[in-house]
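A closer look at the structure
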Amino acid sequence: MKKVLALILSLTMICSLTACGGASMEGENPAPEAETEAPAEDTDAQEPAEDAEPASGDATEWVWPSKEELHVGYAQADLASTWRTVESEDMQRVADERGYKITIVNAEGDTEQQISDVESLLAQGCNVIVITAVDGDAIQPALDKCKEKGVPVIMKARGSNGVPGVDYVTFFSSDFVAEGRYAGEWIAKACADKETIKVAEIQGILGGTDVRDRSGGFHEVADKEGNFDFVVEQTANFSRTEAQEVAANVLQSTGGEIDAFYCHNDEMALGVSLACQSAGLKVNEDVYIVGVDGMYETFDAIKDGTISATITCTPKFAEQVFDGIEAGMAGETLETFYAIEDVPVDATNVEENYDLGF
Ligand code: GYE
């Protein structure tokens, strides 16, 4: 059922974008058919993570530039991880390949900086703004500035808590709620013989819709299962070293009595793995570690048995974003959310999915 829904959604996305701009959603499309067995049957993996209400009567009249005039301003949240660096490089590459002008700025994780970044992009004449928001609420003044001018805003990878169609045009992203569900279901299945599952949730940079929804999806499963005992829910800011420290403390304070670590990204899962190994725990025997992202390094760790599982979340979907921009310029009405498909990966399917890595 889930696969059918996912397929329908992918097809809708492909049709709505190709019908107008002539842009292809194929080729570099990182959305493969999920070949893995879905962890549960009743999840709608591609359900929009955002509150994707159709635009109301207040819908903003976006002023799209012509292809010749297009100057994309990309407000990146930070460049603190491989994920973000690859994401920015991908945006630059696709802009170059398609012959569009792009200016990329980096807020270094500072939401005030990001607001002034957007203002400066507008001042430089950018006529389509793409934003990976440091904070889904605090970005609103920047969205208002764009709205005043009718400059179309596309949210990418970390969304806005505003209203699609009003505060921004659309959101391109993995479905973070689904990622959280996958993680929860993987852990529930792996620990099926346990009465209580002692879980440590290591969260990413707070304020982002990725963190909110990865947590939300996971807790949805935890509530349904009823036997998840959250020993800790703490941020390690998507950082490997911070996660290693947090995990070392948790292992010390609990005497190693943790069944599973759910980490909001692979960097942190890799740090947690080091902490577990130093504490003498064997991954997949004493403790399970699940991440999100699908880095090559994680795939290698899955093969070595030092990480249990991950859910892919590719940073490479600039092709789709530019397809969306081209569709907008061609006068199409965009959907409010485009989901990039993810695949849960563990030792059973790591080889066949290895190429999805980054
Ligand atoms: O998973 C993480 C990165 O927003 C989806 O941010 C992105 C997340 C990604 O730093 O590794």
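What this report covers is the structure whose coordinates are included nearby. (Residues numbered from 1 in each chain as written. Predicted model: local features only at pLDDT ≥ 70, side-chain atom pairs only at ≥ 80, totals over all residues. Heavy atoms only, no water.)

To continue, consider the overall build of the chain. A tally of helices and strands in the chain yields eleven helices and twelve strands. Taking all 358 residues of the chain together, 58% fall into the buried category. In the chain, the share of contacts with a sequence separation of at least 24, taken over all contacts with a separation of at least 6, comes to 77%. When the accessible surface of the chain is split by element, carbon and sulfur atoms take 47% of a total near 14200 Å². (Helix = DSSP H or I, 4+ residues; strand = E, 2+ residues; numbered from the N terminus. Buried < 20%, exposed > 50% of the residue type's maximum accessible area, 1.4 Å probe, protein only. Contact = heavy atoms within 4.5 Å. Areas by Shrake-Rupley, 256 points an atom, 1.4 Å probe, with all protein chains shown as cover.)

A few words now on the site of the ligand. Taken together, Ser81, Trp83, Arg84, Ala157, Arg158, Phe176, Asp210, Arg214, Phe238, Asn265, Asp293 and Cys313 make up all the residues around the ligand. Within the side chain of Asp210, a nitrogen or oxygen atom sits 2.7 Å from an oxygen atom of the ligand. Built from parts of two domains, the shell around the ligand gets at least three residues from each of domain 1 (60-172 + 315-340) and domain 2 (176-314 + 346-356). (Near = heavy atom within 4 Å. Polar contact = N/O pair within 3.5 Å; in protein donor to acceptor, adjacent residues only side chain to side chain. Domains from an automatic or database assignment.)

Attention shifts here to helix α10 (residues 318-329). End to end, α10 covers 16 Å across twelve residues, agreeing with the expected 16 Å (1.5 Å per residue, within 8%). Along α10, twelve of the twelve residues are buried, which leaves the element largely enclosed by surrounding structure. Along α10, the residues classified as buried are Ala318, Glu319, Gln320, Val321, Phe322, Asp323, Gly324, Ile325, Glu326, Ala327, Gly328 and Met329. Where α10 terminates, the next one or two residues include Gly331, which has phi positive at roughly 90 degrees. (Expected span 1.5 Å × (residues − 1).)

Now for the sheet that holds strand β5 (residues 170-174). Read across the open sheet, the six strands follow the order β2-β1-β3-β4-β5-β11; overall the sheet is parallel. The open sheet is flanked by β2 (101-106) and β11 (337-340), the only strands paired with a single partner. Going across the sheet, the axis of each strand differs from the next one's by a mean of 15 degrees, ignoring polarity. One ladder, built from six bridges, connects strand β1 (residues 71-76) with β2; its direction is parallel. Counted as the bridge partner of His71 is Lys101 from β2. (Pairing = 2+ DSSP bridges. Axes fitted to C-alpha atoms, helices over the stretch in contact; angles between N-to-C directions.)

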